[in-house]
Amino acid sequence: MTVGLSGCGSYDGGNGQSPQETENDPTKQGNADEDAADKDAIDIREYGAAVDGQTDDTVAVAEAIEAAEPGETVFFPAGTTVVSARHGIGPDPEDDWGPAVYLDSSNSGVTLQGEGRNSKIQMAGQHPADHNSFVIQIDCETAVENVAVQDLTIDGNRSENPSYTIIGISCWPGGSHSDVLIENIWAQDCPEIGIQLRAAGTRINHCTAMNNGRHGINLSNRSIIQDPSVEATNVLSINNGGLGINHNGGDALLDRFYSAGNHQGGMKFSWNAANTTVTNGFFVANRTMGFRYNGSDPPDETIRVKLDNIVAKNNGYAGFWLSGDARYDVGCLVAEGNNISGEQEGNIEVLGRAEVSAADIISSNAANGYGFYYRSERQTSIERYSHINNALGGFDGSTLHNLDIKEALEQRGAEPNVPDISMFGAGRGAVPDGLDGI
C-alpha cells in the first residue's frame, strides 16, 4: 500500500476501511457461522473436538486442518477450544518452540474461521516455563499462499501460564514471501506477544491485542525479502505489558490504529527497521512515550519513516520522540498533554541525527517542558508549527540553528481528521472492550 503525506485535516477515509478491504470482510457480514456454512467447512467437532473449555482438543484440531483441502474452511464454533503445545512440530523439530495449532505451505488455501468473539482458542494451563510456544503458528519459511485466520479469540491463558513463553498467533519463520491474512481476531492474555508478523506479505486487519504480558503487536520483516512489507490496518492494542506496537526489522505499514495504556509505550521502531509508515491513529495514555525510536547500533543506511495524521495524547513521556539516524517525512502530528512524568523535555523531541521534513506540527498543553524540543545535529524543516499552553513555552533546544520553521503560530491549530475509535480493532462498530480509564 502506498501512503501519501498531506497534512492536518486531510484524511478522507473516515469509514475506517482499507483500500484493500473487499466485500468478504467478515466484520461487515452477518453471522460467521452461516458464512462458514455456505463454504466447504470442516467443523472441528467432526474430528472429536469437545469445545467445552476443559477437554484438550489439540489432536482434533490438527486432524481437521490436515483434512482441509485448498479452498476449504476449518470451522471453530462458539465455545472454548483448549489446545496445548506440541514440541517437535515445525521447521526445526529440535527447537524448543512448540505450536499448539500449526499451518505451513502444505495448508495453502485453507481458512481457519470462528463465529467471532465467542469462538475462543485457549492455551491449556501449566505450560512449562522452559519451552516457548504459539497458540497458532503459520510457518512461512516456504511460501504460504492464500491462508486466512478470521473471527476468533486467541487466548494465551496468562493466569495459568505466567512465564513469558507463549505468543498468540505468529507468522514465523519468514524465509519466503507469503500471502496470509489475520482478520477480526482478539489476541488476549498471552504471556509474551499477542500477534506477531515476521514474514513478508503477511497482514492483520481489524484485530485487537489486549492484556498481553509483553507486546500487543509485533511487526518484523527480517526475512530474505523485505518487499512487500508486513501490514497492520484498523488495529487496537491496549493494556499490554510491553509496547502496544513494536516494529523491529524490515518494512512495515501501520494504518488506522489506536494504541493505549501500554506499559512500555505506544509504538517503537528500532535501528534495524528499513522503512516505517505510520498513519491515521492515536497513541494515548501509554506509561512512557507515544512513538519512539530505540537502538544504539548504527544502521547500514538512513532509516525512512513516514508519519501522518497521528495524535499522541496524555502519554507519560514525550508524545513523539524522533531520534536515530533516520529521515522523518511528516504530514501532520498532534501532541497534546504529554510528558506527564516530567522525565523528558516536552511534548515532541527531535534528537541525535534525526532529520524531519514536516507540513504541520501541533503541540499543546505539555504537562511538563516545551511544546517542541530540538537537539539534532541535522537540519529540520517545518512548514507550520502551532503551539499553545505548553508548560515552558513553544520550543527550545541546544541546536535551534538547525531548525527551520516557516510559520510559527501561537494557537491550537487545525485538528487532524483521523478515524473514529469504533473503526479500530476486532468486532468494530462499538467502542472496544478494555478502554475504561484510558
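Up top you'll find the structure we're talking about.
Residues numbered from 1 in each chain as written. Predicted model: local features only at pLDDT ≥ 70, side-chain atom pairs only at ≥ 80, totals over all residues. Heavy atoms only, no water.

J.: How would you summarise the overall build of the protein chain if you had to cite specific residues and measurements?
T.: Assigned secondary structure in the protein chain consists of two helices and 29 strands. Taken across its 438 residues, the protein chain has 59% of its residues classed as buried. When the accessible area of the protein chain is evaluated, it comes to approximately 16100 Å², of which 41% is carbon and sulfur surface. (Helix = DSSP H or I, 4+ residues; strand = E, 2+ residues; numbered from the N terminus. Buried < 20%, exposed > 50% of the residue type's maximum accessible area, 1.4 Å probe, protein only. Areas by Shrake-Rupley, 256 points an atom, 1.4 Å probe, with all protein chains shown as cover.)

J.: Talk me through the side chain of Asn-315; I want residue IDs and the actual numbers.
T.: Along the chain, Asn-315 turns up in the loop between strand E21 (303-313) and strand E22 (320-322). Classification of Asn-315 as buried rests on a relative accessible area of 0%. At 3.5 Å, the side chain of Asn-315 and the backbone nitrogen of Ala-285 are in polar contact. Excluding residues that lie within four positions of it along the chain, Asn-315 makes contacts with Phe-283, Val-284, Ala-285, Asn-286, Thr-288, Met-289, Gly-290, Gly-337, Asn-338, Asn-339 and Ile-340. (Polar contact = N/O pair within 3.5 Å; in protein donor to acceptor, adjacent residues only side chain to side chain. Contact = heavy atoms within 4.5 Å.)

J.: Tell me what's going on with the nonpolar core, and back it up with residues and numbers.
T.: One finds Ile-136, Ile-138, Phe-291, Leu-307 and Tyr-328 to be the most contacted residues of the largest nonpolar core, which totals 80 residues. Judged by nonpolar contacts, the second largest core, of 16 residues, contains Met-210, Ala-260, Phe-282 and Val-334. (Core = buried A, V, L, I, M, F, W, Y, C linked by side-chain atoms within 4.5 Å.)

J.: Could you give an account of the pattern of salt bridges, naming the residues involved and the relevant values?
T.: Following the criterion strictly, the structure yields 14 salt bridges and no others. With a closest N to O distance of 3.0 Å, Asp-329 and Arg-327 form a salt bridge. Taking the relative accessible area as the measure of exposure, Asp-329 reaches 13% and is therefore buried. By sharing partners, the salt bridges in this structure join Arg-304, Arg-327, Asp-329 and Glu-355 into a single network. (Salt bridge = Lys/Arg side-chain N within 4 Å of Asp/Glu carboxyl O.)

J.: A description of the pairing of strand E3 (residues 79-83) should follow, citing residues and the corresponding values.
T.: The side chains of a regular strand alternate, first on one face of the sheet and then on the other. Where burial is concerned, most of E3 is hidden: four out of the five residues are buried. Here E3 runs beside strand E6 (residues 119-123); their pairing, made up of five bridges, is parallel. From the neighbouring strand, Thr-81 faces E6, where its bridge partner is Ile-121. (Pairing = 2+ DSSP bridges.)

J.: How would you sum up helix H2 (residues 58-67)? Please name residues and give values.
T.: Within the span of H2, buried status applies to Thr-58, Ala-60, Val-61, Ala-64 and Ile-65. Buried residues of H2, viewed axially, fall in a sector of 165 degrees; they line one side. With respect to the buried face of H2, the exposed residues turned more than 90 degrees away are Val-59 and Glu-66. (Arc of directions from axis to C-beta.)

J.: How would you sum up the pairing of strand E26 (residues 370-376)? Please name residues and give values.
T.: The buried fraction of E26 amounts to six of the seven residues, a majority that puts the element mostly inside the structure. Two strands pair when backbone bridges link them, and strand E24 (residues 346-352) and E26 are joined in this way by six bridges, in the parallel orientation. Bridge assignment links Glu-349 to a residue of E26, and that residue is Tyr-373. Direction of pairing for E26 relative to strand E28 (residues 395-397): parallel, over a ladder of three bridges. Bridged to Tyr-373 within E28 is Asp-396.

J.: Break down the packing of aromatic side chains for me, with residues and values.
T.: Scanning the model with the defined rule gives 13 aromatic pairs in all. For the pair Phe-372 and Tyr-374, a centre-to-centre distance of 6.3 Å together with 10 degrees between the ring planes defines the contact as stacked. There is no split in this pair, since Phe-372 and Tyr-374 are both buried. Grouped by ring-pair contacts, the aromatic residues Phe-257, Phe-269, Phe-283, Phe-291, Tyr-293 and Tyr-328 constitute a single cluster. (Phe/Tyr/Trp six-rings, centres within 6.5 Å; stacked < 30°, edge-to-face > 60°.)

J.: Could you give me a rundown of the environment of Ile-405, with the residues and numbers involved?
T.: Structurally, Ile-405 can be placed in strand E29 (residues 403-409). Residues Ile-405 and Ile-382 lie 23 residues apart in sequence; the distance between their C-alpha atoms is 4.8 Å. Non-local contacts of Ile-405, meaning those with residues more than four positions away in its chain, are made with Ile-382, Tyr-385 and Phe-395.

J.: Which residues make up the environment of Ser-106, and what are the values?
T.: Relative to the helices and strands, Ser-106 is located in the loop between strand E4 (97-103) and strand E5 (111-113). We classify Ser-106 as exposed; its relative accessible area is 60%. For the pair Ser-106 and Glu-145, spaced 39 residues apart in the sequence, the C-alpha separation amounts to 9.3 Å. Here the side chain of Ser-106 touches Asp-104 through a polar contact of 2.6 Å, side chain to side chain.

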